[in-house]
Amino acid sequence: KNIYEKALENTDIIIDGLQKKGYQIISPIKKREERTAIVHFNTGTFNTTKSLYEKLKEHQVIVTLQNENIRVSPNFFNTKEEITTFLQLI
C-alpha cells in the first residue's frame, strides 16, 4: 500500500506539472482512485511530441513513445529531483 501511494504521489506531481505547461494528458486523471502510476501525454502534434521524446532520451530520462504519446511511469523509487528534472526538460 505504501509503495502504491508513493507512486501515485509522484504521478500527481507529474500531472500537475504537465497541466501547468499545457500538455494534453491522455490518461484518465479526474479521479485519483482510478489512476495508475502511468501517464500518457502529448504536445498536440506528433512531430513536436517525437522531438520532446528525443530530447528526454538525450538527457537519459526514461520514457517511451507509444503511438502519438509519451508514456511516463514514475515509481516509488523515483526521487523528487528526478521528477523536477523531467518537468524542467519539458
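Scroll up a little and you will see the structure.
Engineer: Whenever I open this one, the overall build of the chain confuses me. Can you help?
Structural biologist: What the chain contains, in helices and strands, is three helices and four strands. Taken from N to C terminus, the helices and strands of the chain fall in the order α-β-β-α-β-β-α. Here the chain has a C-alpha radius of gyration of 12 Å; the compact-globule value for 90 residues is 12 Å, and the two agree. For the C-alpha atoms alone, the extent of the chain along its principal axes is close to 40 × 25 × 20 Å. Burial statistics for the chain: of 90 residues in total, 37% are counted as buried. Here the analysis covers contacts within the chain between residues at least 6 apart in sequence; of these, 56% occur between residues at least 24 apart. Of the roughly 5900 Å² that the chain leaves accessible, carbon and sulfur atoms contribute 51%.

Engineer: Please explain the sheet that holds strand β1 (residues 24–25) as it appears in this structure.
Structural biologist: Pairing between sheet strands relies on hydrogen bonds along the backbone, with the strands arranged either parallel or antiparallel. Across the sheet, four strands lie side by side as β1-β2-β4-β3; this open sheet has antiparallel pairing. Both edges of this open sheet fall to β1 and β3 (64–66), since each of them pairs with a single strand only. Note: strand β2 (residues 39–42) against strand β4 (residues 69–72), three bridges, orientation antiparallel. The residue of β4 that forms the bridge with F41 is I70.

Engineer: What am I meant to see in the pattern of salt bridges here?
Structural biologist: This structure, assessed with the given rule, holds six salt bridges. In this structure, K20 engages D16 in a salt bridge whose closest nitrogen and oxygen atoms are separated by 3.1 Å. Here D16 and K20 lie together in helix α1 (residues 2–20), a separation of four residues that amounts to about one turn. Residue D16 is classed as partly exposed on the basis of its relative accessible area, which comes to 37%. Notably, a salt bridge pairs K31 with E34, separated by 4.0 Å at the nearest N-O pair. Overall, the relative accessible area of 47% leaves K31 in the partly exposed class. The class of E34 is exposed, set by a relative accessible area of 53%. A network of salt bridges, in which partner residues are shared, links E5, D12, R32 and R35.

Rules and cut-offs
- Residues numbered from 1 in each chain as written.
- Predicted model: local features only at pLDDT ≥ 70, side-chain atom pairs only at ≥ 80, totals over all residues.
- Heavy atoms only, no water.
- Helix = DSSP H or I, 4+ residues; strand = E, 2+ residues; numbered from the N terminus.
- Rg over C-alpha atoms; globule rule 2.2 N^0.38 Å.
- Buried < 20%, exposed > 50% of the residue type's maximum accessible area, 1.4 Å probe, protein only.
- Contact = heavy atoms within 4.5 Å.
- Areas by Shrake-Rupley, 256 points an atom, 1.4 Å probe, with all protein chains shown as cover.
- Pairing = 2+ DSSP bridges.
- Salt bridge = Lys/Arg side-chain N within 4 Å of Asp/Glu carboxyl O.

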